[in-house]
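Tertiary structure, described
Listed here are the chains, written in short residue letters.
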Amino acid sequence: NAGVTQTPKFQVLKTGQSMTLQCAQDMNHNSMYWYRQDPGMGLRLIYYSASEGTTDKGEVPNGYNVSRLNKREFSLRLESAAPSQTSVYFCASSEVGRGELFFGEGSRLTVL
Amino acid sequence: KQEVTQIPAALSVPEGENLVLNCSFTDSAIYNLQWFRQDPGKGLTSLLLIQSSQREQTSGRLNASLDKSSGRSTLYIAASQPGDSATYLCAVGGYSTLTFGKGTMLLVSP
């Protein structure tokens, strides 16, 4: 049972490059989320998708875009990476909004 | 805006001790509260979910309580073990998303 799978696990980018973080869940969950985790800042919500076909901004959406490709997949795109986006990114899912949250293992991104 | 505070930020105890981790939140209009565990370099693992209508939840050696009116939750760990060493985070459920505390880093020494 894979749960929530994120790719890639590690990535190094140069300032201005673009990339997409992929997330897939196999639990038939309706809601999916992207968080970033930074030392001293805790976990902050970037974007979420309450259900297939919908996306909404979270606390720190600037510099990011998302796509809910289908019920299983929710991707996060950095169009022009900046050093301030160096972080650990977590994808999560829940059966419904406000339900128990299940996390992926994280994607560690460094922007030089 | 909901704010979640966890005290202490770090805790070191000898094996076998019972311990309590604290979580406080500023807005009592919550839907639920979750406790998570995070091991170094890993994702978060859900430990307990308490709905707003509940007062506590138990799983094995873990017991979480919720007092909405005072804006507090506690996670009680009985008979701590070295394998319990990790960071514990609480998260408060609002209308559509969770707000996380910054966590308590727990070290249980043999």
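Refer to the structure printed above.
Below or above, wherever it landed, is the structure these notes cover. In this text, all values refer to a predicted model and were calculated from it rather than measured experimentally.

Moving on to the overall build of chain A. A count of helical and extended segments in chain A gives 0 helices and 11 strands. The order of helices and strands in chain A, counted from the N terminus, is β-β-β-β-β-β-β-β-β-β-β. For 112 residues, the compact-globule formula gives about 13 Å, and the C-alpha radius of gyration of chain A, at 13 Å, lands near that figure. Taking the principal axes of its C-alpha atoms as reference, chain A extends roughly 35 × 25 × 25 Å. Of the contacts made within chain A by residues no fewer than 6 positions apart, 54% connect residues no fewer than 24 positions apart. In the form shown here, chain A has an accessible surface area of approximately 5200 Å², with 49% of it arising from carbon and sulfur atoms. Taking the 11 positively charged and 10 negatively charged side chains of chain A as two groups, their mean positions are separated by 6 Å.

Take unusual backbone geometry next. A cis amide bond, omega -5 degrees, links threonine 7 of chain A with the succeeding residue proline 8 of chain A. For proline 8 of chain A, the location among the structural elements is in the loop between strand E1 (4-7) and strand E2 (10-13). Cis peptide bonds are those with omega within 30 degrees of zero, and the linkage from isoleucine 7 of chain B to proline 8 of chain B qualifies with 0 degrees. A positive phi is found at asparagine 28 of chain A, a non-glycine position, where the angle reads about 60 degrees. Mapped onto the fold, asparagine 28 of chain A is located in the loop between strand E3 (19-25) and strand E4 (31-38). Asparagine 28 of chain A sits in the exposed class, given a relative accessible area of 55%. Backbone geometry places alanine 79 of chain B, a non-glycine residue, at a positive phi of 45 degrees. Structurally, the position occupied by alanine 79 of chain B is in the loop between strand E8 (72-77) and strand E9 (86-93). For alanine 79 of chain B, a relative accessible area of 36% translates into the label partly exposed.

Okay, the sheet that holds E8 of chain B next. Residues and elements named next belong to chain B. Read across the sheet, 5 strands follow the order E1-E3-E8-E7-E6 without closing on themselves; strand pairing throughout is antiparallel. Both outer strands of the open sheet, strand E1 (4-7) and strand E6 (56-59), are each paired with one neighbouring strand and no more. Ignoring strand direction, the axes of neighbouring strands in this sheet form an average angle of 15 degrees. Bridge count for E1 against strand E3 (residues 19-25) is 4 bridges, and the pairing is antiparallel. In the strand pairing of E3, isoleucine 7 is matched with asparagine 22.

Once that is clear, we can look at the sheet that holds E3 of chain A. Residue and element names in this part refer to chain A. One open sheet holds the 4 strands; their spatial order is E1-E3-E8-E7, and the pairing between them is antiparallel. Strand pairing shows two members of the sheet lacking a second neighbour, E1 and strand E7 (64-68), which therefore form its edges. On average, each strand axis in the sheet is inclined to that of its neighbour by 15 degrees, with strand direction left out of account.

Now for the packing of aromatic side chains. Residue and element names in this part refer to chain B. Scanning all chains against the criterion turns up 9 aromatic pairs over all chains. Note on phenylalanine 36 and phenylalanine 100: the rings are 5.6 Å apart at their centroids and 35 degrees apart in plane angle, and the pair reads as tilted. Of this pair, phenylalanine 36 sits in strand E4 (residues 32-38) while phenylalanine 100 sits in strand E10 (residues 98-100), placing them 64 residues apart in sequence. For phenylalanine 36, a relative accessible area of 0% corresponds to the buried category.

A separate point is the nonpolar core. Core analysis: the biggest nonpolar cluster contains 22 residues, and Phe25, Leu33, Trp35, Leu75, Ile77, Tyr88 and Leu106 of chain B have the highest contact counts within it. Among the elements of the structure, E3, E4, strand E5 (44-51), strand E7 (62-67), E8, E9 and strand E11 (104-109) of chain B are those that each provide at least two residues to this core. By size, the runner-up hydrophobic cluster in this structure holds 20 residues, among which are Val66, Tyr89, Cys91 and Leu109 of chain A.

Once that is clear, we can look at the layout of surface pockets. Counted as a void, the largest pocket has a volume near 600 Å³. Forming the boundary of the largest pocket are 28 residues, of which Glu59 of chain A together with Lys1, Gln2, Thr99 and Phe100 of chain B lie nearest the centre. Looking at the lining of the largest pocket, the elements that each hand over two or more residues are strand E5 (42-49) of chain A together with E1, E9 and E10 of chain B. Tallied by class, residues from the lining of the largest pocket come to 11 nonpolar, 11 polar and 6 charged. Looking at the second largest pocket, its volume works out to about 420 Å³.

Reading the values: rules and limits
- Residues numbered from 1 in each chain as written.
- Chains lettered and ligands numbered in written order.
- Predicted model: local features only at pLDDT ≥ 70, side-chain atom pairs only at ≥ 80, totals over all residues.
- Heavy atoms only, no water.
- Helix = DSSP H or I, 4+ residues; strand = E, 2+ residues; numbered from the N terminus.
- Rg over C-alpha atoms; globule rule 2.2 N^0.38 Å.
- Contact = heavy atoms within 4.5 Å.
- Areas by Shrake-Rupley, 256 points an atom, 1.4 Å probe, with all protein chains shown as cover.
- Lys, Arg positive; Asp, Glu negative; His and termini not counted.
- Charge placed at Lys NZ, Arg CZ, Asp CG, Glu CD.
- Buried < 20%, exposed > 50% of the residue type's maximum accessible area, 1.4 Å probe, protein only.
- Pairing = 2+ DSSP bridges.
- Axes fitted to C-alpha atoms, helices over the stretch in contact; angles between N-to-C directions.
- Phe/Tyr/Trp six-rings, centres within 6.5 Å; stacked < 30°, edge-to-face > 60°.
- Core = buried A, V, L, I, M, F, W, Y, C linked by side-chain atoms within 4.5 Å.
- 1 Å grid on protein atoms, 1.4 Å probe; cavity = no way out; pocket = protein on both sides within 12 Å on 5 of 7 lines; lining within 4 Å.
- Points joined across faces, edges and corners; volume = space filled by probe spheres on them.
- Nonpolar A, V, L, I, M, F, W, Y, C, P; charged D, E, K, R; others polar.

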